[in-house]
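Take a look at the letters that make up each chain.
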Amino acid sequence: MGFYGRHLFPRLMDWSLRGAQHAEHRRTALLDSSGHVLEIGFGTWLNLPHYPEHVEAVTGVDRERMLEQKVARRVAAAPVPVRQLHLDAASGLPFASDEFDTVVSTWTLCSISDLGTALREIGRVLKPDGRFLFMEHGRSDRGTVARLQDLLNPAQNVIGQGCNLNRRIDVLLEKAGFEIVSLERFQMPKVPRVLGEVYRGAARVASDAGRVADWGQGVDAGREVDAS
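These remarks concern the structure in this document. Here the structure is a predicted model, which means the values were calculated and not measured.

About the thresholds
- Residues numbered from 1 in each chain as written.
- Predicted model: local features only at pLDDT ≥ 70, side-chain atom pairs only at ≥ 80, totals over all residues.
- Heavy atoms only, no water.
- Buried < 20%, exposed > 50% of the residue type's maximum accessible area, 1.4 Å probe, protein only.
- Helix = DSSP H or I, 4+ residues; strand = E, 2+ residues; numbered from the N terminus.
- Pairing = 2+ DSSP bridges.
- Right-handed = clockwise from strand over helix to strand, strands pointing away.
- Phe/Tyr/Trp six-rings, centres within 6.5 Å; stacked < 30°, edge-to-face > 60°.
- Axes fitted to C-alpha atoms, helices over the stretch in contact; angles between N-to-C directions.
- Contact = heavy atoms within 4.5 Å.
- Salt bridge = Lys/Arg side-chain N within 4 Å of Asp/Glu carboxyl O.

### Let's talk about the pairing of strand E2 (residues 55–62)
Most of E2 is tucked away: six of the eight residues are buried. Here five bridges tie E2 to strand E3 (residues 82–86), and the two strands are oriented parallel to one another. Opposite Gly60, over in E3, you have Gln84 as the bridge partner. Taken together, E2, helix H3 (residues 68–76) and E3 form a β-α-β motif whose crossover is right-handed.

Structure (structure tokens):
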């Protein structure tokens, strides 16, 4: 990853996403989470203080190790049991099918390289009546902004360690077999429009998407892997 990826980028990301504005949006996005939650791309665990009381436990997966001392303090202060695994969701999730009541993703889907595979794995491990709660930045509906996002995307890939500015989150979810239950689109105040176009909502596995046979069996499904 180099010095920037290991030391500067994690601190920049944590600082830029931990303010009061982001915290309020996190609380709103996580309000309907319940039971056993799987968080995709936990980063520096900024979501932990905002889970509602009806969450029983949180399991997080992330391919990177970032600010490990700060992460350890946040996990220790969490109001619920927390388990974390270091792996790439696009490489498969080491969980049984239909294992989680809720799956959560906040400002993460932009940077998963094989997003289609990761989303199908999310659908596999989510219970049939479960919800995928997401809050992501993505492609603007305004043509001039979208074209600027396309233009800047190669540079953002480097600066943001794989982050993409121009993903249509709702379309990608539907292509992966999800049905959008609710969706809010808004612009984050005081954030450049190319970065601040937000998709926030909930999705469920579409009734015609099939279950385990179609989603695949994952990686060592049902076997807990301690990759932390």
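### Thoughts on the packing of aromatic side chains
Applying the stated criterion across every chain, the model contains five aromatic pairs. A centroid spacing of 6.2 Å and a plane angle of 50° characterise the contact between Tyr4 and Phe9, whose relative ring orientation is tilted. Judged by relative accessible area, which is 30%, Tyr4 ranks as partly exposed. On the basis of relative accessible area, Phe9 is assigned to the buried category, the value being 14%. Note on Phe132 and Phe134: the rings are 6.1 Å apart at their centroids and 50° apart in plane angle, and the pair reads as tilted.

### Considerations on the sheet that holds strand E7 (residues 197–205)
Across the sheet, seven strands lie side by side as E3-E2-E1-E4-E5-E7-E6; this open sheet has mixed pairing. Looking at the sheet topology across the chains shown, the edges are occupied by E3 and strand E6 (178–187). Recorded for the sheet is a direction-independent mean angle of 15° between the axes of neighbouring strands. The sheet contacts of helix H2 (residues 20–30) involve strand E4 (100–106), strand E5 (126–137), E6 and E7, and relative to E5 the element is tilted by about 160°.

### Describing the pattern of salt bridges
Pairs can form between side chains of opposite charge whenever their charged atoms are close. Under the criterion given, the structure shown has 15 salt bridges. A salt bridge links Glu68 to Arg65; the nearest nitrogen and oxygen atoms lie 3.9 Å apart. Members of the salt-bridge network, linked through shared partners, are Asp14, Arg18, Lys70 and Arg74.

### Observations regarding the environment of Gly130
Residue placement: Gly130 occurs in strand E5. Placed 20 residues apart in sequence, Gly130 and Cys110 show a C-alpha to C-alpha distance of 23 Å. If we skip the residues at most four places from it in the chain, Gly130 touches Asp101, Ala203 and Arg204.

### Some details on the side chain of Gln156
For Gln156, the location among the structural elements is in helix H5 (residues 143–159). With sequence-adjacent residues up to four places away left out, Gln156 is seen in contact with Gln161, Cys163, Leu165 and Leu195.

Structural measurements only, silent on function.
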